[in-house]
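Coordinates in review
Chain by chain, the residues run as shown.
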Amino acid sequence: MLVSDIEAMLFSAFPRDLAEPWDRVGLSVGDPSAEVTGVACALDPLPDTVARAAAQGCNVLVTHHPAFLEAPGTVTPSVATSSLGGSLVWEAARLGVSLIAMHTNLDRSAAALAVPTRLTNLHVVGRLEEPDGFGAVLDGDGLTAAALAERFGEAYGCPPTLYGDPDAPCARVGFCSGSLGDLWEAAVAQGCQAVVTGELGYHRALAAVEAGCAVILLGHDVSELPYARLLAASVAERQDSVPVVTLAEQAHWRICLDPRSIGR
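Here's a quick rundown of the structure. Position labels on residues start from 1 in each chain and follow its written sequence. The predicted nature of this model means local features are confined to residues of pLDDT at least 70 and side-chain atom pairs, given and counted, to a pLDDT of 80 or more, with totals for whole chains, interfaces and linings taken over all residues. Heavy atoms throughout the structure, all of them, feed into the side-chain values; hydrogens and water do not.

**What about the sheet that holds strand β1 (residues 26-29)?**
A pair of strands counts as paired when DSSP detects no fewer than two bridges linking them. Put simply, DSSP H or I for four residues or longer makes a helix, DSSP E for two residues or longer makes a strand, and each gets a number counted from the N terminus. Pairing within the open sheet is mixed, and its 5 strands lie in the order β1-β4-β3-β2-β11. The open sheet has two free edges, formed respectively by β1 and β11 (244-246), since each of these has just one partner strand. Across the sheet, the mean angle from the axis of one strand to that of its neighbour is 25 degrees, orientation sign disregarded. As paired strands, strand β2 (residues 39-42) and β11 are joined by 3 bridges and run parallel to one another. Residue Cys41 lies in a different strand from β11, and its bridge partner there is Thr246. Across the face of the sheet, helix α2 (residues 47-55) comes into contact with β2, β3 (60-63) and β4 (98-101) while running at roughly 135 degrees to β3. Comment: axis = line fitted to C-alpha atoms, over the contacting stretch for helices; angle = value between 0 and 180 degrees taken between N-to-C directions. Only heavy atoms matter for contacts: two residues are in contact if any of them lie within 4.5 Å across the pair.

**Notes on the pairing of strand β9 (residues 194-199)**
The two faces of a sheet get side chains in turn, since along a regular strand they alternate between them. Between buried and exposed lies partly exposed: a residue is buried under 20% and exposed over 50% of the maximum accessible area for its type, with that area taken using a 1.4 Å probe on protein chains only. With 5 of 6 residues buried, β9 is to be regarded as a mostly interior element. With 5 bridges joining them, strand β8 (residues 172-179) and β9 adopt parallel strand pairing. Counted as the bridge partner of Gly174 is Val195 from β9. Consider the strands pointing away from the viewer: the crossover is right-handed when the path from the first strand over the helix to the second runs clockwise. Crossover connection from β8 via helix α8 (residues 183-189) to parallel β9: handedness right-handed. Of the pairings in the sheet, the one linking β9 to strand β10 (residues 214-217) comprises 4 bridges and is parallel in character. In the strand pairing of β10, Thr197 is matched with Leu217. Each parallel crossover has a hand, and for β9 linked through helix α9 (residues 202-210) to β10 it is right-handed.

Written as structure tokens, this is what we have:
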């Protein structure tokens, strides 16, 4: 099996034409004609992630986030003398690990939109952007904003941040992994009383709350960590000739203070 075969399998699950024009999906580093020894899957392509993939005998690393959006102008071992993308390309080339990303094309997939339902048991009733755009609309199952935040926090393993009235009923809930951006407006237009996402700028969050839509933030990485297993399952179910592993990852941030002490 070749690296190009892995890329083709993934594009069969997450079609290239679903990706945003600015995105870098598919193979970004590596030889398409190289024989595959193993496939590792993760959220983030980092030099350490590449090294851990190689240590497990995998010469393909499949991630959700691309290695870079703009090709690095300088490629060196150190971020200080090039960039994160440049040092990542160096490490991937040094270790012979091909890098493949499924990013906004995965975000738009039915499989990705089903993840919050699988984790929280809140069922999808539509999309934030109809008919085939980003984000899901979920049945809030009679939960308040605080109860909704608690359920997502337990499901995703993080302390969520809630903007808005904790006692507000949320019959209709928007969900968008990663960065919500201007999609908060779509959540309001869809009649959502709350929207759950990875991250959203402060002023946009305030605007959403003023428009009657509570905002629950999980952390960009936390909201997308389940996609590593989704990618691994997509490769494994389409072939059985090479091993597929999911690399262990955790959030890149942590709370270092008791939240109750902040502002005192």
